[in-house]
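Structure assessment
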Amino acid sequence: MAETFSLAALKDRMQKSILSLREELGGLRTGRASPSLLEPVMVEAYGSKMPLNQVATVSALEARMLSVQVWDRGLAGAVEKAIRNSGLGLNPAAEGAVIRVPLPELNEERRRELTKVAHNYAEQARVAVRHIRRDGMDLLKKLEKDGVISQDDGRKFSDQVQVATDSAVDDIDNVVAVKEQEIMQV
């Protein structure tokens, strides 16, 4: 079966990159508690690494406190250790099957570090979008070379791919700008 070009499929892949960026940024700590903060935490449980949300329920008790309700009481220590070693700068306190995670105030230096991390995530998303663009352009060149589409169609589709790429990069820039304001807000 011959390959076909689909601008909608490329746009969909670009949107998935932006969605992935939003999820990564959701895990960055801002001034207030959010259950999504602990999404990237992996727990050593039942002989393998599992996402925290598969062994416990995370909820925000108040503005600066998260509560982690572990389903299997025997995993409380492993969950506490995973949160402590996650690199998020958190110090959990276990109380039986419930682990309380107080969120310390962010100082100016930590806020700047978090904005750098946000920009790194954004750059990874931009690179992903550029790879998608390259894949689309390579496919167009191949279809043009094989005579499936004309040169005029190839140029038209190339322009559409570039417009979609520019739009996706603008979306990424907007998402990271909003997150940066959220982080820097005292």
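Here is a short report on the structure shown in this document. (Residues numbered from 1 in each chain as written. Predicted model: local features only at pLDDT ≥ 70, side-chain atom pairs only at ≥ 80, totals over all residues. Heavy atoms only, no water.)

1. Describing the environment of leucine 19
Put simply, the test is: Segments assigned H or I by DSSP are reported as helices when at least four residues long, segments assigned E as strands when at least two residues long, and all are numbered from the N terminus. Buried, partly exposed and exposed residues are distinguished by accessible area as a fraction of the type maximum, computed with a 1.4 Å probe on protein chains only: under 20%, between the cut-offs, and over 50%, respectively.
Position of leucine 19 among the secondary structure elements: in helix 1 (residues 7-26). What makes leucine 19 partly exposed here is its relative accessible area of 48%. Distance in space between the C-alpha atoms of leucine 19 and valine 175 is 10.0 Å, their sequence separation being 156 residues.

2. Some words on helix 1
Where we set the bar: To estimate the expected span of a helix, count its residues, drop one, and scale the result by 1.5 Å. Summarising the geometry, the arc corresponds to the directions from the helix axis toward the C-beta atoms. The contact criterion used is simple: two residues touch if any of their non-hydrogen atoms lie within 4.5 Å.
Between its first and last C-alpha atoms helix 1 spans 29 Å; for 20 residues at 1.5 Å apiece the expected length is 28 Å, and the two agree. Three or more residues of helix 1 are buried, namely Leu7, Leu10, Met14, Ser17, Ile18, Leu21 and Leu25. Seen from one end, helix 1 has its buried residues packed into an arc of 95°, which puts them on one side. With respect to the buried face of helix 1, the exposed residues turned more than 90 degrees away are Ala8, Lys16 and Glu23. Buried residues along helix 1 sit in contact with helix 3 (108-145) and helix 4 (151-184).

3. Describing the sheet that holds strand 4 (residues 65-70)
Cut-off, in case you're wondering: We treat two strands as partners when DSSP finds at least two bridges between them. All axes are obtained by fitting lines to C-alpha atoms, using only the stretch in contact for helices, and the reported angles, taken between N-to-C directions, cover 0 to 180 degrees.
Read across the sheet, four strands follow the order 3-4-6-5 without closing on themselves; strand pairing throughout is antiparallel. If you trace the sheet from one side to the other, it starts and ends with strand 3 (56-62) and strand 5 (93-95), each paired once. Within this sheet the neighbouring strands show an average axis-to-axis angle of 25°, counted without direction. Across six bridges, strand 3 lies against strand 4 in antiparallel orientation. In the sheet register, threonine 57 faces strand 4, and the bridge partner there is glutamine 69.

4. Regarding the packing of aromatic side chains
Here is the rule we go by: Ring geometry is summarised as follows: Phe, Tyr and Trp rings, the Trp one being its six-membered ring, pair when their centres sit within 6.5 Å, and such pairs are stacked at plane angles under 30 degrees, edge-to-face over 60 and tilted between the two. Only when the NZ of Lys or the CZ of Arg is both within 6 Å of the ring centre and within 35 degrees of the ring normal is a charge said to sit over the ring.
Within this structure, the stated rule accounts for one aromatic pair. Summarising the aromatic geometry, the rings of phenylalanine 5 and phenylalanine 157 are spaced 5.0 Å apart at their centres and angled 40° between planes, so their arrangement reads as tilted. Of this pair, phenylalanine 5 sits in the segment before helix 1 while phenylalanine 157 sits in helix 4, and the two are 152 residues apart along the sequence. Judged by its relative accessible area of 21%, phenylalanine 157 falls in the partly exposed class. Positioned over the ring face of phenylalanine 157 is lysine 156, at 5.2 Å from the centre of the ring.

5. Here we look at the pattern of salt bridges
Keep this limit in mind: We count a salt bridge whenever a side-chain nitrogen from Lys or Arg sits within 4 Å of a carboxyl oxygen from Asp or Glu.
Under the counting rule described, the total for this entry stands at 13 salt bridges. For lysine 49, the salt bridge goes to glutamate 44, with nearest N and O atoms at 3.8 Å. Given the relative accessible area of 46%, glutamate 44 is considered partly exposed. One salt bridge connects arginine 112 with glutamate 108, and the closest N-O pair in it is separated by 3.0 Å. Taken together, the residues span about one helical turn, with arginine 112 and glutamate 108 both in helix 3 at a distance of four residues.

6. Some details on the nonpolar core
Which entries qualify depends on this criterion: We call a set of buried residues a nonpolar core when its members are Ala, Val, Leu, Ile, Met, Phe, Trp, Tyr or Cys and they connect through side-chain atoms within 4.5 Å of each other.
Judged by nonpolar contacts, the single largest core of 28 residues is most densely connected at Phe5, Val161 and Ile172. For this core, the elements supplying multiple residues, two or more each, are helix 1, helix 3 and helix 4. The element contributing the most residues to this core is helix 3, with 10 residues. Among residues more than four places away in sequence, those in contact with isoleucine 172 are Ile18, Leu21, Ala122, Ala125, Arg126 and Val129. If you look at the next biggest cluster of nonpolar residues, it comprises 24 residues, including Ala56, Val70, Ala76 and Leu90.

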